[in-house]
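Observations on chain architecture
This is what each chain is made of:
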Amino acid sequence: EAQVTQNPRYLITVTGKKLTVTCSQNMNHEYMSWYRQDPGLGLRQIYYSMNVEVTDKGDVPEGYKVSRKEKRNFPLILESPSPNQTSLYFCASSSLTGGDTGELFFGEGSRLTVL
Amino acid sequence: RKEVEQDPGPFNVPEGATVAFNCTYSNSASQSFFWYRQDCRKEPKLLMSVYSSGNEDGRFTAQLNRASQYISLLIRDSKLSDSATYLCVVNGYNFNKFYFGSGTKLNVKP
């Protein structure tokens with residue numbers, strides 16, 4: 001089954017305690033991206049990756065890091081989480097192959113609370 | 001100014017009604033357009049892509065007006081199961097960024 005898997009799905013942590021949210025896709029997609037969703041603001045892009053070892057900032061990258069060492073994995077790292085990073089996070093992937101619709105496939109989301 | 005703007009709603013309609021959502025985008029170089037559906041606390045899922053000539057999928061019709069930079073979604077014969085938030089999504093020229101509207105909430109009542 002084609003899917004994007006995120007872990008953990010729910011996490012409560014404290015300010016300053018480093019955490020990683022993993023994301024893995026089994027569709028051999030080149031493009032992967034992280035978003036956060038906050039009430040009234042919609043989904044905002046944090047970082048994206050066009051392929052292995054190719055990453056770039058989205059619209060709200062401050063306080064986050066990513067890496068793309070393998071095509072299937074795109075972890076999101078919060079080195080020193082702060083309460084303003086409390087949010088619902090989505091990982092998504094898409095194929096860049098010509099002819100595809102460009103559909104984004106989303107993981108189920110990770111709800112993060114930073115106290 | 002936001003890249004993509006939508007009326008947040010909520011739109012409260014009875015079953016069987018026809019409802020239309022609009023969405024405007026700011027970048028005239030945008031290449032791809034989509035409507036996604038998001039149920040409460042769940043991930044967004046593709047409802048339909050939007051093509052220049054307009055396209056239909058059952059009760060759903062999407063249209064694109066490049067000159068005015070807006071996208072529309074028409075839902076005919078609303079069902080209770082259509083209750084959700086509908087996200088307008090625009091993809092930029094270089095594909096690398098997808099811009100999301102904040103969503104329009106639809107409540108279909110019995």
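Predicted model, so just to flag it, every value in this text is computed and none were measured.

This paragraph deals with the nonpolar core. In this structure, Phe21(B), Trp35(B), Ile71(B), Leu73(B), Ile75(B), Tyr86(B) and Leu106(B) are the most contacted members of the largest nonpolar core, which totals 24 residues. Of all the secondary-structure elements, those providing two or more residues to this core are β3 (19-25), β4 (32-38), β5 (45-50), β7 (60-65), β8 (70-75), β9 (84-91) and β11 (104-109) of chain B. Contact partners of Phe21(B), with chain neighbours within four places excluded, come to Phe11(B), Trp35(B), Ile71(B), Ser72(B), Leu73(B), Ile75(B), Tyr86(B), Thr104(B) and Leu106(B). By size, the runner-up hydrophobic cluster in this structure holds 19 residues, among which are Met32(A), Val66(A), Tyr89(A) and Cys91(A).

Within the secondary structure layout, Ala62(B) lies in strand β7. The contact partners of Ala62(B), leaving out residues within four places of it in the chain, are Trp35(B), Met48(B), Ser49(B), Val50(B), Gly54(B), Asn55(B) and Ser72(B).

With that settled, consider the pairing of β3(B). Residues and elements named next belong to chain B. Because side chains alternate across β3, one face comprises the buried residues Val19, Phe21, Cys23 and Tyr25, and the other comprises Ala20, Asn22 and Thr24, none of which is buried. The sheet contact formed by strand β1 (residues 4-6) and β3 spans three bridges and is antiparallel. From the neighbouring strand, glutamine 6 faces β3, where its bridge partner is cysteine 23. One ladder, built from six bridges, connects β3 with β8; its direction is antiparallel. Bridged to phenylalanine 21 within β8 is leucine 73.

Attention shifts here to the side chain of Ser33(A). Positionally, Ser33(A) belongs in strand β4 (residues 31-38). Engagement of the side chain of Ser33(A) in a polar contact is seen with the backbone oxygen of Tyr47(A), the distance being 3.2 Å.

Turning next to the packing of aromatic side chains. Using the criterion set out here, one finds 13 aromatic pairs over all chains in the structure. Between Tyr31(A) and Tyr48(A), the ring centres sit 6.1 Å apart and the planes meet at 25 degrees, which makes this aromatic pair stacked. Note that Tyr31(A) is positioned in strand β4 and Tyr48(A) in strand β5 (residues 42-51), a separation of 17 residues in sequence. Like Tyr31(A), the residue Tyr48(A) is buried in the burial classification. Here the aromatic rings of Tyr35(A) and Phe100(B) are separated by 5.2 Å at their centres, their planes lie at 75 degrees, and the arrangement is edge-to-face. Highlighted residues: Tyr35(A) in strand β4 and Phe100(B) in strand β10 (residues 98-100), drawn from two different chains. For Phe100(B), a relative accessible area of 8% corresponds to the buried category.

Here we take up the interface of chain B and chain A. Taken together, the 21 residues of chain B in the interface contact 25 residues of chain A. Counting the surface lost from both chain B and chain A, the interface buries some 1,800 Å², and carbon and sulfur atoms represent 58% of this. Counting across the interface, chain B meets chain A through zero salt bridges. For the side of chain B that touches chain A, the secondary structure elements donating two or more residues are β4, β5 and β10 of chain B.

This brings us to the state of the cysteines. Taken as a whole and judged by the stated rule, the model has two disulfides over all chains. Linked covalently through their sulfurs, Cys23(A) and Cys91(A) form a disulfide whose S-S length is 1.8 Å. The sign of the S-S torsion, about -75 degrees, decides the handedness of the disulfide formed by Cys23(A) and Cys91(A): left-handed. Of the two residues, Cys23(A) sits in strand β3 (residues 19-25) while Cys91(A) sits in strand β9 (residues 87-94), which places them 68 residues apart along the sequence. The disulfide partner of Cys23(B) is Cys88(B), and the gap between their sulfur atoms is 1.9 Å.

Next up on the list: the sheet that holds β8(B). All names here are of chain B. With respect to topology, five strands assemble into an open sheet ordered β1-β3-β8-β7-β6, the strand pairing being antiparallel. Two strands in the sheet have a free side with no partner beyond their single neighbour: β1 and β6 (55-57). The average undirected angle you get between the axes of adjacent strands in this sheet is 20 degrees. Both β7 and β8 contribute to a ladder of six bridges, which runs antiparallel. Bridge pairing in β8 places threonine 61 opposite leucine 74.

Reading the values: rules and limits
Residues numbered from 1 in each chain as written. Chains lettered and ligands numbered in written order. Predicted model: local features only at pLDDT ≥ 70, side-chain atom pairs only at ≥ 80, totals over all residues. Heavy atoms only, no water. Core = buried A, V, L, I, M, F, W, Y, C linked by side-chain atoms within 4.5 Å. Buried < 20%, exposed > 50% of the residue type's maximum accessible area, 1.4 Å probe, protein only. Helix = DSSP H or I, 4+ residues; strand = E, 2+ residues; numbered from the N terminus. Contact = heavy atoms within 4.5 Å. Pairing = 2+ DSSP bridges. Polar contact = N/O pair within 3.5 Å; in protein donor to acceptor, adjacent residues only side chain to side chain. Phe/Tyr/Trp six-rings, centres within 6.5 Å; stacked < 30°, edge-to-face > 60°. Buried area = accessible area lost by both parts, 1.4 Å probe. Salt bridge = Lys/Arg side-chain N within 4 Å of Asp/Glu carboxyl O. Disulfide = S-S within 2.5 Å. Axes fitted to C-alpha atoms, helices over the stretch in contact; angles between N-to-C directions.

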